[in-house]
Amino acid sequence: MNTLSLSARAGLLKPSPTLGITAKANAMKAEGIDVVSFAAGEPDFNTPEAVNEAAIAAIRAGFTKYTPSAGTPDLKKSIVAKLERDNGLKYTPEQIVVSCGAKHSVYNTMQVLLDPGDEVILIAPYWMTYAEQVILAGGVPRVVHTTLESGFVPTYDQLREAVTPRTKAIIVNSPSNPTGAVFGHQTLKEIATLALRHGFWIVSDEIYERLVYGDAKQESIASLGAEVSERTITINGCSKSYAMTGWRIGFAAAPVPVAKAMSNFQDQVTSNPTSFAQKGAIAAFNLPPDEVEAMRQEFEARRNLVVSLLRQIPGLRVPEPKGAFYVLPDASAHITGDLKTDIDLADYLLQEAKVATIPGSVFEGPGHLRLSYAASRADIEKGVARIAEALARRNA
Ligand SMILES: Cc1ncc(COP(=O)(O)O)c(C=O)c1O
């Protein structure tokens, strides 16, 4: 036995292809190649100035030491107020755990909910981190596959068939990365009904809540009633709605025993999220609604642009995303000849069109490509034109 071996757990981890492709595209850019990137999962806007100023003032005032692990009382208070104002949810500060990004909140949640062999229902195509974090906690992902035809929304029967005696939780992500689906009231009610009937937890990742378009409405599943809220962990944060991806502030709002367990867990793993970033987060949650609305409107205009341009490309089937900043066209008609998978296709587009996209199989959505439209309108026009040309060249 090699005493210098790594743990079995370390071997379970798959590298993030999203970060891998982004790194490849960045390396090409560094070589001076003009790459248009639709890969990144982050807003291209600057963090609002009021947020920056609050954090700078906090540093100047010496607010640079440890804080309580689960967040400062002030930040928890502003999160409680935000949840009531924006989501119609009633929580107390002891139910809030602030972490180093929503990704960390999901991680803590899996660690405190799952025992080995516990199953978690994931609705595919899904953010791949969910599956990895379930597996890291010893759990087993149980995947429900949705399609473009159904707007990437699961049916009640599909969900019911995924429930087993080992079902411990379901992860709901609406608006969704990578599909842009926004689940309606009826779908949320069906999920809640199953969770109540079969006794499992609901983990609701609402990180894209502010980014919904047209007549789509984001609804927090915990607002369906006290008995639903008692089994729901609502996760959210600053990254996407306030252009604060680098600040690393996310939070979970959970029943008291879950919040306590997560807080104890975090005590031993990371301690508090960065002190002055927490001050910035308070400013973010108190931003005038106009400022966030301006970003949402720009994303909506970009969504409309990217969808209309992609729909002009023969062989792509392009859904209209209702939220977040991703579109997931079905490109399977272009997976032919030497391009055997969506990974080959994404690679072809990067090499030949100098456009970075993410292959759908990363999200258990093979045959698709994910394009993030967190890019300028000029880049959207240039990038989609290049995709159209590169695909036409293959078919010529
Ligand atoms: C669905 C979803 N949840 C959570 C996150 C992570 O957010 P944070 O930056 O707060 O960790 C992302 C980021 O890509 C995401 O797509």
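In case you missed it, the structure is sitting above this.
Calculation notes
Residues numbered from 1 in each chain as written. Predicted model: local features only at pLDDT ≥ 70, side-chain atom pairs only at ≥ 80, totals over all residues. Heavy atoms only, no water. Near = heavy atom within 4 Å. Polar contact = N/O pair within 3.5 Å; in protein donor to acceptor, adjacent residues only side chain to side chain. 1 Å grid on protein atoms, 1.4 Å probe; cavity = no way out; pocket = protein on both sides within 12 Å on 5 of 7 lines; lining within 4 Å. Sits in = over half its atoms within 2 Å of the grid points. Nonpolar A, V, L, I, M, F, W, Y, C, P; charged D, E, K, R; others polar. Points joined across faces, edges and corners; volume = space filled by probe spheres on them. Domains from an automatic or database assignment. Helix = DSSP H or I, 4+ residues; strand = E, 2+ residues; numbered from the N terminus. Pairing = 2+ DSSP bridges. Contact = heavy atoms within 4.5 Å. Axes fitted to C-alpha atoms, helices over the stretch in contact; angles between N-to-C directions.

1. Some words on the site of the ligand
Taken together, 13 residues surround the ligand, and among them A102, N177, D205, S239 and R248 come closest. Between the ligand and A102 there is a distance of 2.7 Å, counted from an oxygen atom to a backbone nitrogen or oxygen. Contact distances for the ligand include 2.7 Å between an oxygen atom and a side-chain N or O atom of N177. A molecule is said to occupy a pocket when more than half its atoms come within 2 Å of that pocket's grid points, and by this definition the ligand occupies the largest pocket. Per-class residue counts for the shell around the ligand are five nonpolar, four polar and four charged.

2. A closer look at the layout of surface pockets
Take a probe with the size of a water molecule and roll it over the atoms, and the empty space left behind shows itself. Considered as a void within the structure, the largest pocket measures approximately 1000 Å³ in volume. Along its surface, the largest pocket is lined by 41 residues, and L19, G41, K103, W127 and K240 are the ones closest to its centre. Tallied by class, the residues present in the lining of the largest pocket amount to 17 nonpolar, 14 polar and ten charged. Split by domain, the residues of the lining of the largest pocket number at least three in each of domain 1 (8-46 + 290-395) and domain 2 (65-287). Considering only enclosed or pocket space, the second largest pocket measures out at about 280 Å³ in volume. Along the walls of the second largest pocket sit 15 residues, with E209, R210, V212, E293 and R296 positioned nearest its centre. Of all the secondary structure elements, the ones that give two or more residues to the lining of the second largest pocket are helix 4 (73-87) and helix 12 (289-310).

3. Quick notes on the sheet that holds strand 12 (residues 369-372)
Overall, antiparallel pairing links the three strands, which are arranged 9-12-11 in an open sheet. The open sheet has two edge strands, strand 9 (326-327) and strand 11 (358-359), and neither has a second partner. Inspection of the sheet shows strand 11 paired to strand 12 by two bridges, in the antiparallel sense. For P359, the partnering residue across the bridge sits in strand 12 and is L369. The sheet contacts of helix 13 (residues 342-353) involve strand 11 and strand 12, and relative to strand 12 the element is tilted by about 45°.

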